[in-house]
Amino acid sequence: MRTKVQTLLNADSAGYSNDVNRLGELERAIMDVLWESPEPLTVRQVSGRLTERDLAHTTVMTVLDRLAKKGFARRDRNGRAWRYHAAATREAYVTELMLSALEQTGDRHAALARFARSVSETEATALRRALEALGRGKDGLRATGE
Amino acid sequence: MTPAALILAVFAAACIPAGSALAAARWPRRSPAAAIVLWQALGLGWGLATVGALAGFGAAGGASGVARGAFMLASKALSGRAATGTRRLLAGILGLRLLALAAGVVLLLLLCWILVAAFAAVVCARRRQQILLSLLAHGDPKVPGALVVDHPSATAYCVPGLRSKIVISAGALDLLDQAELAAVLAHERAHLRERHDLVLLPFTALLRAFRWSAVAREAYAAVALLVEMLADDRALRHRPARELATALLRVGAAGGAQAPNGALSAADWVADGQVAARVSRLLRPAPRLPVAAVALIAVVAVATVAIPAAFLTLPF
(Lines give C-alpha, C1' and ligand atoms only; values in the text may rest on other atoms or scores of the structure.)
Protein backbone atom coordinates (compact mmCIF):
# COMPACT_ATOMS: atom_id res chain seq x y z
CA MET A 1 0.00 0.00 0.00
CA ARG A 2 2.85 2.30 0.79
CA THR A 3 4.15 1.87 -2.76
CA LYS A 4 0.71 2.75 -4.11
CA VAL A 5 0.77 6.06 -2.30
CA GLN A 6 4.29 6.71 -3.53
CA THR A 7 3.19 5.98 -7.10
CA LEU A 8 0.32 8.39 -6.71
CA LEU A 9 2.57 11.07 -5.32
CA ASN A 10 5.23 10.57 -7.96
CA ALA A 11 2.61 10.76 -10.66
CA ASP A 12 2.78 14.55 -10.49
CA SER A 13 6.34 14.64 -11.69
CA ALA A 14 6.04 11.53 -13.82
CA GLY A 15 3.59 13.35 -16.08
CA TYR A 16 0.48 12.27 -17.83
CA SER A 17 0.05 8.67 -16.81
CA ASN A 18 -3.10 7.02 -15.60
CA ASP A 19 -1.96 7.73 -12.07
CA VAL A 20 -2.73 11.40 -12.57
CA ASN A 21 -6.27 10.54 -13.57
CA ARG A 22 -6.46 8.18 -10.63
CA LEU A 23 -5.33 10.90 -8.24
CA GLY A 24 -7.82 13.33 -9.79
CA GLU A 25 -10.63 10.82 -9.32
CA LEU A 26 -9.69 10.33 -5.68
CA GLU A 27 -9.58 14.07 -5.04
CA ARG A 28 -12.95 14.43 -6.65
CA ALA A 29 -14.52 11.54 -4.72
CA ILE A 30 -13.17 12.88 -1.44
CA MET A 31 -14.37 16.42 -2.19
CA ASP A 32 -17.81 14.98 -2.91
CA VAL A 33 -17.78 13.36 0.54
CA LEU A 34 -16.74 16.64 2.18
CA TRP A 35 -19.35 18.64 0.26
CA GLU A 36 -22.12 16.25 1.26
CA SER A 37 -21.22 16.24 4.93
CA PRO A 38 -22.72 18.98 7.11
CA GLU A 39 -19.96 18.65 9.73
CA PRO A 40 -16.16 18.20 9.58
CA LEU A 41 -14.94 14.63 9.10
CA THR A 42 -11.92 12.69 10.28
CA VAL A 43 -9.83 10.73 7.79
CA ARG A 44 -11.47 7.53 8.99
CA GLN A 45 -14.95 8.98 8.52
CA VAL A 46 -14.05 10.10 5.00
CA SER A 47 -12.72 6.60 4.21
CA GLY A 48 -15.96 5.11 5.49
CA ARG A 49 -18.10 7.27 3.24
CA LEU A 50 -16.16 6.63 0.04
CA THR A 51 -17.80 4.15 -2.32
CA GLU A 52 -14.39 2.62 -2.88
CA ARG A 53 -13.84 0.91 0.48
CA ASP A 54 -10.47 -0.80 0.02
CA LEU A 55 -8.44 2.42 0.07
CA ALA A 56 -5.58 2.61 2.54
CA HIS A 57 -5.89 5.07 5.38
CA THR A 58 -2.64 6.73 4.32
CA THR A 59 -3.93 7.20 0.76
CA VAL A 60 -7.01 9.05 1.96
CA MET A 61 -4.88 11.08 4.36
CA THR A 62 -2.44 12.02 1.59
CA VAL A 63 -5.22 13.12 -0.74
CA LEU A 64 -6.90 15.14 2.03
CA ASP A 65 -3.55 16.77 2.75
CA ARG A 66 -3.17 17.68 -0.92
CA LEU A 67 -6.68 19.13 -1.01
CA ALA A 68 -5.91 21.19 2.09
CA LYS A 69 -2.71 22.49 0.49
CA LYS A 70 -4.62 23.43 -2.66
CA GLY A 71 -7.11 25.33 -0.53
CA PHE A 72 -10.15 23.20 -1.27
CA ALA A 73 -10.27 21.58 2.18
CA ARG A 74 -9.71 23.10 5.61
CA ARG A 75 -8.70 21.18 8.70
CA ASP A 76 -8.89 21.70 12.41
CA ARG A 77 -7.75 19.57 15.28
CA ASN A 78 -10.31 17.88 17.46
CA GLY A 79 -8.41 16.26 20.30
CA ARG A 80 -5.88 14.00 18.60
CA ALA A 81 -7.54 13.71 15.22
CA TRP A 82 -7.56 16.18 12.34
CA ARG A 83 -11.00 16.90 10.99
CA TYR A 84 -11.55 18.11 7.44
CA HIS A 85 -14.27 20.17 5.82
CA ALA A 86 -14.72 21.79 2.42
CA ALA A 87 -13.37 25.34 2.22
CA ALA A 88 -16.37 26.48 0.16
CA THR A 89 -19.56 24.92 -1.11
CA ARG A 90 -19.71 23.09 -4.39
CA GLU A 91 -22.03 25.81 -5.72
CA ALA A 92 -19.46 28.48 -4.89
CA TYR A 93 -16.83 26.70 -6.99
CA VAL A 94 -19.28 26.18 -9.86
CA THR A 95 -20.06 29.88 -9.71
CA GLU A 96 -16.35 30.73 -9.76
CA LEU A 97 -15.83 28.47 -12.77
CA MET A 98 -18.71 30.00 -14.70
CA LEU A 99 -17.88 33.60 -13.79
CA SER A 100 -14.32 33.10 -14.97
CA ALA A 101 -15.69 31.65 -18.22
CA LEU A 102 -18.14 34.52 -18.54
CA GLU A 103 -15.16 36.85 -17.99
CA GLN A 104 -16.94 38.60 -15.16
CA THR A 105 -14.13 38.10 -12.68
CA GLY A 106 -10.98 40.14 -12.24
CA ASP A 107 -9.19 38.35 -15.02
CA ARG A 108 -11.38 39.35 -17.92
CA HIS A 109 -9.29 37.84 -20.66
CA ALA A 110 -8.65 34.28 -19.73
CA ALA A 111 -8.77 33.64 -23.48
CA LEU A 112 -11.49 31.06 -23.10
CA ALA A 113 -13.24 31.50 -26.40
CA ARG A 114 -16.93 31.40 -25.62
CA PHE A 115 -19.30 29.92 -28.14
CA ALA A 116 -21.73 32.82 -28.14
CA ARG A 117 -22.57 35.65 -25.88
CA SER A 118 -24.98 38.48 -26.15
CA VAL A 119 -24.16 41.16 -23.72
CA SER A 120 -26.93 43.69 -23.83
CA GLU A 121 -30.61 43.00 -23.25
CA THR A 122 -31.27 44.78 -26.57
CA GLU A 123 -29.11 42.28 -28.42
CA ALA A 124 -30.67 39.32 -26.62
CA THR A 125 -34.14 40.56 -27.58
CA ALA A 126 -33.06 40.95 -31.21
CA LEU A 127 -31.66 37.40 -31.20
CA ARG A 128 -34.88 36.04 -29.68
CA ARG A 129 -36.86 37.72 -32.44
CA ALA A 130 -34.54 36.33 -35.10
CA LEU A 131 -34.96 32.86 -33.63
CA GLU A 132 -38.75 33.18 -33.70
CA ALA A 133 -38.66 34.40 -37.29
CA LEU A 134 -36.43 31.48 -38.22
CA GLY A 135 -38.84 29.07 -36.52
CA ARG A 136 -41.79 30.58 -38.35
CA GLY A 137 -39.93 30.28 -41.64
CA LYS A 138 -39.34 26.60 -40.95
CA ASP A 139 -42.95 26.02 -39.97
CA GLY A 140 -44.11 28.02 -42.98
CA LEU A 141 -42.10 25.77 -45.28
CA ARG A 142 -43.60 22.74 -43.60
CA ALA A 143 -47.12 24.13 -43.99
CA THR A 144 -46.69 24.64 -47.74
CA GLY A 145 -45.30 21.14 -48.01
CA GLU A 146 -48.40 19.63 -46.48
CA MET B 1 18.56 61.22 -36.66
CA THR B 2 18.32 59.11 -39.77
CA PRO B 3 15.79 59.44 -42.62
CA ALA B 4 14.87 55.86 -41.81
CA ALA B 5 13.63 56.98 -38.41
CA LEU B 6 11.29 59.49 -40.04
CA ILE B 7 9.91 56.87 -42.42
CA LEU B 8 9.43 54.43 -39.55
CA ALA B 9 7.59 57.09 -37.54
CA VAL B 10 5.23 57.78 -40.45
CA PHE B 11 4.74 54.05 -40.92
CA ALA B 12 3.92 53.53 -37.21
CA ALA B 13 1.48 56.43 -37.25
CA ALA B 14 -0.18 55.09 -40.41
CA CYS B 15 -0.77 51.72 -38.74
CA ILE B 16 -3.36 53.29 -36.40
CA PRO B 17 -5.86 54.50 -39.06
CA ALA B 18 -5.10 51.34 -41.05
CA GLY B 19 -6.23 49.29 -38.05
CA SER B 20 -9.41 51.33 -37.69
CA ALA B 21 -10.13 50.91 -41.40
CA LEU B 22 -9.53 47.15 -41.20
CA ALA B 23 -11.83 46.91 -38.16
CA ALA B 24 -14.59 48.72 -40.04
CA ALA B 25 -14.15 46.84 -43.34
CA ARG B 26 -16.74 44.26 -44.43
CA TRP B 27 -14.51 42.05 -46.58
CA PRO B 28 -12.75 40.28 -43.65
CA ARG B 29 -16.00 38.35 -43.02
CA ARG B 30 -15.62 36.76 -46.44
CA SER B 31 -12.16 35.43 -45.65
CA PRO B 32 -11.49 35.46 -41.88
CA ALA B 33 -8.17 33.61 -42.11
CA ALA B 34 -6.66 36.12 -44.56
CA ALA B 35 -7.89 39.03 -42.46
CA ILE B 36 -6.43 37.49 -39.29
CA VAL B 37 -3.02 37.20 -40.98
CA LEU B 38 -3.26 40.86 -41.99
CA TRP B 39 -4.12 41.85 -38.39
CA GLN B 40 -1.10 39.96 -37.08
CA ALA B 41 1.14 41.63 -39.65
CA LEU B 42 -0.29 45.04 -38.81
CA GLY B 43 0.35 44.52 -35.10
CA LEU B 44 3.89 43.30 -35.63
CA GLY B 45 4.63 46.02 -38.19
CA TRP B 46 3.38 48.72 -35.82
CA GLY B 47 5.55 47.40 -32.98
CA LEU B 48 8.67 47.21 -35.15
CA ALA B 49 8.11 50.66 -36.65
CA THR B 50 7.43 52.39 -33.31
CA VAL B 51 10.45 50.87 -31.61
CA GLY B 52 12.55 51.52 -34.71
CA ALA B 53 11.45 55.15 -35.00
CA LEU B 54 12.35 55.93 -31.38
CA ALA B 55 15.66 54.16 -31.62
CA GLY B 56 16.29 55.78 -35.00
CA PHE B 57 15.83 59.32 -33.73
CA GLY B 58 18.64 58.62 -31.34
CA ALA B 59 20.79 56.71 -33.78
CA ALA B 60 23.76 58.20 -35.53
CA GLY B 61 23.06 59.23 -39.11
CA GLY B 62 25.06 58.44 -42.19
CA ALA B 63 25.52 55.16 -43.88
CA SER B 64 24.19 52.90 -41.18
CA GLY B 65 20.86 51.31 -40.41
CA VAL B 66 18.82 52.18 -37.37
CA ALA B 67 19.95 49.13 -35.42
CA ARG B 68 23.66 49.78 -36.14
CA GLY B 69 23.29 53.51 -35.57
CA ALA B 70 21.67 52.92 -32.21
CA PHE B 71 24.50 50.61 -31.27
CA MET B 72 27.09 53.22 -32.33
CA LEU B 73 25.35 55.92 -30.28
CA ALA B 74 25.23 53.71 -27.22
CA SER B 75 28.92 52.80 -27.48
CA LYS B 76 29.83 56.46 -28.07
CA ALA B 77 28.00 57.49 -24.92
CA LEU B 78 29.51 54.66 -22.94
CA SER B 79 33.04 55.46 -24.05
CA GLY B 80 32.68 58.84 -22.35
CA ARG B 81 33.27 61.05 -25.38
CA ALA B 82 30.06 62.90 -24.65
CA ALA B 83 31.41 64.10 -21.36
CA THR B 84 34.51 65.56 -22.95
CA GLY B 85 32.52 67.29 -25.69
CA THR B 86 33.55 70.92 -25.96
CA ARG B 87 30.19 72.41 -26.83
CA ARG B 88 27.28 72.09 -24.46
CA LEU B 89 24.79 72.19 -27.35
CA LEU B 90 26.26 69.06 -28.87
CA ALA B 91 26.12 67.37 -25.52
CA GLY B 92 22.48 68.39 -25.20
CA ILE B 93 21.59 66.92 -28.59
CA LEU B 94 23.40 63.76 -27.70
CA GLY B 95 21.39 63.63 -24.48
CA LEU B 96 18.11 63.98 -26.39
CA ARG B 97 19.19 61.27 -28.78
CA LEU B 98 20.10 59.00 -25.91
CA LEU B 99 16.67 59.69 -24.41
CA ALA B 100 14.93 58.69 -27.66
CA LEU B 101 17.06 55.55 -27.85
CA ALA B 102 16.22 54.70 -24.27
CA ALA B 103 12.51 55.25 -24.97
CA GLY B 104 12.76 52.84 -27.89
CA VAL B 105 14.43 50.20 -25.77
CA VAL B 106 11.89 50.71 -22.98
CA LEU B 107 9.01 50.38 -25.42
CA LEU B 108 10.49 47.20 -26.87
CA LEU B 109 10.85 45.72 -23.38
CA LEU B 110 7.34 46.90 -22.50
CA LEU B 111 5.80 45.24 -25.56
CA CYS B 112 7.63 42.00 -24.76
CA TRP B 113 6.58 42.28 -21.13
CA ILE B 114 2.86 42.78 -21.79
CA LEU B 115 2.91 39.74 -24.05
CA VAL B 116 4.59 37.63 -21.37
CA ALA B 117 2.29 39.00 -18.65
CA ALA B 118 -0.83 38.31 -20.71
CA PHE B 119 0.38 34.79 -21.41
CA ALA B 120 1.12 34.19 -17.73
CA ALA B 121 -2.32 35.47 -16.71
CA VAL B 122 -3.96 33.23 -19.27
CA VAL B 123 -1.98 30.18 -18.17
CA CYS B 124 -2.86 30.92 -14.55
CA ALA B 125 -6.58 31.27 -15.23
CA ARG B 126 -6.59 28.09 -17.29
CA ARG B 127 -4.82 26.11 -14.60
CA ARG B 128 -7.50 27.18 -12.12
CA GLN B 129 -10.15 26.15 -14.65
CA GLN B 130 -8.51 22.74 -15.07
CA ILE B 131 -8.37 22.13 -11.32
CA LEU B 132 -11.98 23.20 -10.77
CA LEU B 133 -13.15 21.16 -13.76
CA SER B 134 -11.41 18.06 -12.46
CA LEU B 135 -13.37 18.41 -9.21
CA LEU B 136 -16.72 19.56 -10.57
CA ALA B 137 -17.33 18.57 -14.17
CA HIS B 138 -18.67 15.30 -15.47
CA GLY B 139 -19.18 13.68 -18.85
CA ASP B 140 -22.49 13.29 -20.63
CA PRO B 141 -23.40 10.94 -23.50
CA LYS B 142 -25.18 13.83 -25.28
CA VAL B 143 -21.86 15.65 -25.71
CA PRO B 144 -19.12 13.05 -26.22
CA GLY B 145 -15.66 14.36 -25.36
CA ALA B 146 -16.95 17.45 -23.56
CA LEU B 147 -17.33 18.25 -19.87
CA VAL B 148 -20.61 19.29 -18.32
CA VAL B 149 -20.81 21.72 -15.39
CA ASP B 150 -24.06 21.85 -13.45
CA HIS B 151 -24.93 25.50 -13.85
CA PRO B 152 -28.24 26.89 -15.15
CA SER B 153 -26.69 29.48 -17.50
CA ALA B 154 -26.35 28.61 -21.18
CA THR B 155 -22.61 28.58 -21.73
CA ALA B 156 -20.17 26.72 -23.92
CA TYR B 157 -16.46 27.40 -24.08
CA CYS B 158 -13.13 25.72 -24.46
CA VAL B 159 -10.03 25.69 -22.28
CA PRO B 160 -7.06 25.50 -24.66
CA GLY B 161 -3.73 24.01 -23.68
CA LEU B 162 -1.96 20.69 -23.56
CA ARG B 163 -4.94 19.02 -21.92
CA SER B 164 -7.60 21.03 -23.70
CA LYS B 165 -11.22 20.78 -22.63
CA ILE B 166 -14.59 21.71 -24.05
CA VAL B 167 -17.03 22.78 -21.35
CA ILE B 168 -20.80 22.93 -21.68
CA SER B 169 -23.12 24.10 -18.94
CA ALA B 170 -26.15 22.08 -17.91
CA GLY B 171 -28.24 25.07 -19.02
CA ALA B 172 -26.88 24.82 -22.57
CA LEU B 173 -27.39 21.05 -22.52
CA ASP B 174 -31.10 21.59 -21.78
CA LEU B 175 -31.47 24.47 -24.21
CA LEU B 176 -29.98 22.89 -27.34
CA ASP B 177 -31.08 19.83 -29.27
CA GLN B 178 -28.72 17.04 -30.31
CA ALA B 179 -27.89 18.55 -33.71
CA GLU B 180 -27.19 21.98 -32.23
CA LEU B 181 -24.94 20.47 -29.56
CA ALA B 182 -22.97 18.70 -32.27
CA ALA B 183 -22.56 22.04 -34.07
CA VAL B 184 -21.30 23.67 -30.86
CA LEU B 185 -18.80 20.85 -30.34
CA ALA B 186 -17.57 21.13 -33.94
CA HIS B 187 -17.07 24.88 -33.44
CA GLU B 188 -15.17 24.48 -30.17
CA ARG B 189 -13.03 21.64 -31.53
CA ALA B 190 -11.95 23.93 -34.36
CA HIS B 191 -10.80 26.52 -31.80
CA LEU B 192 -8.74 23.92 -29.98
CA ARG B 193 -7.31 22.20 -33.04
CA GLU B 194 -6.14 25.41 -34.70
CA ARG B 195 -5.05 27.08 -31.43
CA HIS B 196 -7.12 30.20 -32.03
CA ASP B 197 -6.29 31.27 -28.48
CA LEU B 198 -2.68 31.90 -29.56
CA VAL B 199 -3.89 33.93 -32.54
CA LEU B 200 -5.87 36.17 -30.19
CA LEU B 201 -3.22 36.38 -27.47
CA PRO B 202 -1.21 39.38 -28.82
CA PHE B 203 -4.42 41.39 -29.11
CA THR B 204 -5.51 40.34 -25.63
CA ALA B 205 -2.14 41.58 -24.41
CA LEU B 206 -2.54 44.90 -26.23
CA LEU B 207 -6.02 45.36 -24.79
CA ARG B 208 -4.80 44.62 -21.27
CA ALA B 209 -2.02 47.18 -21.59
CA PHE B 210 -3.84 49.87 -23.59
CA ARG B 211 -7.37 49.53 -22.28
CA TRP B 212 -7.91 53.27 -22.81
CA SER B 213 -7.03 53.03 -26.49
CA ALA B 214 -9.98 52.84 -28.88
CA VAL B 215 -7.78 51.24 -31.54
CA ALA B 216 -6.66 48.47 -29.16
CA ARG B 217 -10.31 47.73 -28.34
CA GLU B 218 -11.30 47.79 -32.01
CA ALA B 219 -8.43 45.49 -32.94
CA TYR B 220 -9.26 43.02 -30.17
CA ALA B 221 -12.97 43.01 -31.04
CA ALA B 222 -12.26 42.55 -34.74
CA VAL B 223 -9.81 39.66 -34.27
CA ALA B 224 -12.03 37.98 -31.64
CA LEU B 225 -14.95 38.10 -34.08
CA LEU B 226 -12.81 36.82 -36.97
CA VAL B 227 -11.59 33.89 -34.86
CA GLU B 228 -15.21 32.98 -34.06
CA MET B 229 -16.14 33.23 -37.73
CA LEU B 230 -13.20 31.04 -38.64
CA ALA B 231 -14.36 28.38 -36.16
CA ASP B 232 -17.92 28.73 -37.55
CA ASP B 233 -16.55 28.06 -41.04
CA ARG B 234 -14.68 24.98 -39.83
CA ALA B 235 -17.82 23.69 -38.09
CA LEU B 236 -19.70 24.01 -41.38
CA ARG B 237 -17.49 21.29 -42.83
CA HIS B 238 -19.21 18.85 -40.48
CA ARG B 239 -22.59 20.39 -39.66
CA PRO B 240 -25.28 22.31 -41.57
CA ALA B 241 -25.26 26.11 -41.21
CA ARG B 242 -28.79 26.23 -39.83
CA GLU B 243 -27.97 24.07 -36.78
CA LEU B 244 -25.04 26.31 -35.90
CA ALA B 245 -27.13 29.44 -36.47
CA THR B 246 -29.98 28.33 -34.21
CA ALA B 247 -27.48 27.19 -31.56
CA LEU B 248 -25.88 30.66 -31.67
CA LEU B 249 -29.26 32.36 -31.45
CA ARG B 250 -30.44 30.21 -28.55
CA VAL B 251 -27.26 30.56 -26.49
CA GLY B 252 -26.97 34.26 -27.33
CA ALA B 253 -30.60 34.98 -26.47
CA ALA B 254 -30.33 33.12 -23.17
CA GLY B 255 -27.05 34.77 -22.26
CA GLY B 256 -28.37 38.31 -22.39
CA ALA B 257 -30.54 37.81 -19.35
CA GLN B 258 -27.47 36.68 -17.39
CA ALA B 259 -25.62 39.98 -17.73
CA PRO B 260 -25.68 41.49 -14.25
CA ASN B 261 -27.74 44.72 -14.06
CA GLY B 262 -26.96 45.60 -17.65
CA ALA B 263 -23.48 46.85 -16.85
CA LEU B 264 -21.06 46.19 -19.66
CA SER B 265 -17.46 45.41 -18.83
CA ALA B 266 -14.70 46.25 -21.29
CA ALA B 267 -14.76 42.68 -22.52
CA ASP B 268 -18.51 42.89 -23.07
CA TRP B 269 -18.27 46.19 -24.86
CA VAL B 270 -16.19 44.66 -27.62
CA ALA B 271 -18.54 41.70 -28.05
CA ASP B 272 -21.79 43.58 -28.57
CA GLY B 273 -23.50 42.64 -31.82
CA GLN B 274 -21.08 39.85 -32.67
CA VAL B 275 -23.59 36.99 -32.37
CA ALA B 276 -25.98 38.70 -34.78
CA ALA B 277 -23.13 39.29 -37.24
CA ARG B 278 -22.16 35.61 -37.13
CA VAL B 279 -25.75 34.40 -37.56
CA SER B 280 -26.47 36.61 -40.54
CA ARG B 281 -23.22 35.44 -42.10
CA LEU B 282 -24.25 31.79 -41.61
CA LEU B 283 -27.76 32.20 -42.99
CA ARG B 284 -26.85 34.55 -45.87
CA PRO B 285 -23.28 33.63 -46.76
CA ALA B 286 -21.36 36.07 -48.95
CA PRO B 287 -19.08 34.51 -51.58
CA ARG B 288 -15.52 33.87 -50.42
CA LEU B 289 -12.87 36.32 -51.58
CA PRO B 290 -11.33 35.42 -54.95
CA VAL B 291 -7.84 33.91 -54.92
CA ALA B 292 -6.34 37.08 -56.42
CA ALA B 293 -7.71 39.15 -53.53
CA VAL B 294 -6.34 36.72 -50.95
CA ALA B 295 -2.95 36.81 -52.70
CA LEU B 296 -3.00 40.61 -52.59
CA ILE B 297 -3.79 40.52 -48.86
CA ALA B 298 -0.86 38.16 -48.35
CA VAL B 299 1.48 40.53 -50.22
CA VAL B 300 0.28 43.49 -48.15
CA ALA B 301 0.75 41.48 -44.95
CA VAL B 302 4.33 40.55 -45.88
CA ALA B 303 5.09 44.16 -46.82
CA THR B 304 3.63 45.43 -43.55
CA VAL B 305 6.25 43.46 -41.64
CA ALA B 306 9.07 43.55 -44.16
CA ILE B 307 9.16 47.34 -44.66
CA PRO B 308 9.77 48.33 -41.02
CA ALA B 309 12.06 45.33 -40.58
CA ALA B 310 14.13 46.47 -43.56
CA PHE B 311 14.41 50.06 -42.34
CA LEU B 312 15.43 48.77 -38.95
CA THR B 313 18.25 46.54 -40.13
CA LEU B 314 19.49 47.65 -43.53
CA PRO B 315 21.94 50.56 -43.97
CA PHE B 316 20.02 53.52 -45.29
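As the structure is a prediction and not an experimental result, all values here were calculated from the model. (Residues numbered from 1 in each chain as written. Chains lettered and ligands numbered in written order. Predicted model: local features only at pLDDT ≥ 70, side-chain atom pairs only at ≥ 80, totals over all residues.)

Enquirer: Lay out the overall build of chain A with the relevant residues and their values.
Expert: Within chain A, the regular secondary structure consists of 6 helices and 3 strands. Starting at the N terminus, the α and β elements of chain A follow one another as α-α-β-α-α-β-β-α-α. Counting all 146 residues of chain A, 29% fall into the buried class. If you take every contact in chain A between residues at least 6 apart in sequence, the share linking residues at least 24 apart comes to 43%. (Helix = DSSP H or I, 4+ residues; strand = E, 2+ residues; numbered from the N terminus. Buried ≥ 20, exposed ≤ 12 C-beta atoms within 10 Å, placed from the backbone. Contact = placed C-beta atoms within 7 Å.)

Enquirer: Can you break down the sheet that holds strand β1 (residues 147-149) of chain B residue by residue, with the values?
Expert: Residues and elements named next belong to chain B. Strand order in this open sheet of 3 strands is β1-β3-β2, and the pairing throughout is mixed. At either end of the open sheet lies a strand with only one pairing partner, and these are β1 and β2 (156-159). On average, adjacent strands in this sheet sit at an angle of 30 degrees to one another, irrespective of strand direction. Looking at chain direction, β1 and strand β3 (residues 165-169) are connected through 3 bridges and run parallel. (Pairing = 2+ DSSP bridges. Axes fitted to C-alpha atoms, helices over the stretch in contact; angles between N-to-C directions.)

Enquirer: Could you give an account of the sheet that holds strand β1 (residues 41-42) of chain A, naming the residues involved and the relevant values?
Expert: Residues and elements named next belong to chain A. A sheet is described by the order of its strands in space; here 3 strands give the open sequence β1-β3-β2, paired in antiparallel fashion. Bordering the open sheet on either side are β1 and β2 (73-78), each of which pairs with just one other strand. Sheet strands touched by helix α4 (residues 57-70): β2 and β3 (81-86). Its angle to β2, the strand with the most contacts, is close to 115 degrees.

Enquirer: Describe the packing of helix α1 (residues 3-24) of chain B against helix α2 (residues 32-58) of chain B, listing the residues and the values that go with them.
Expert: Residue and element names in this part refer to chain B. At a minimum axis distance of 8 Å, the contact between α1 and α2 shows a crossing angle of 150 degrees. One way to sum up the angle between α1 and α2 is to call them roughly antiparallel. As for the relative orientation of α1 and α2, their crossing is left-handed in sense. Along the contact surface, α1 presents Ala4, Ala5, Leu8, Ala9, Phe11, Ala12, Cys15, Ala18, Gly19 and Leu22, while α2 presents Leu38, Trp39, Leu42, Gly45, Trp46, Ala49, Thr50, Gly52, Ala53, Gly56 and Phe57. Split into classes, the residues belonging to the contact of α1 with α2 amount to 16 nonpolar, 5 polar and no charged. (Parallel < 35°, antiparallel > 145°, perpendicular 65-115°, else oblique. Left-handed = near helix turned anticlockwise from the far one by under 90°. Nonpolar A, V, L, I, M, F, W, Y, C, P; charged D, E, K, R; others polar.)

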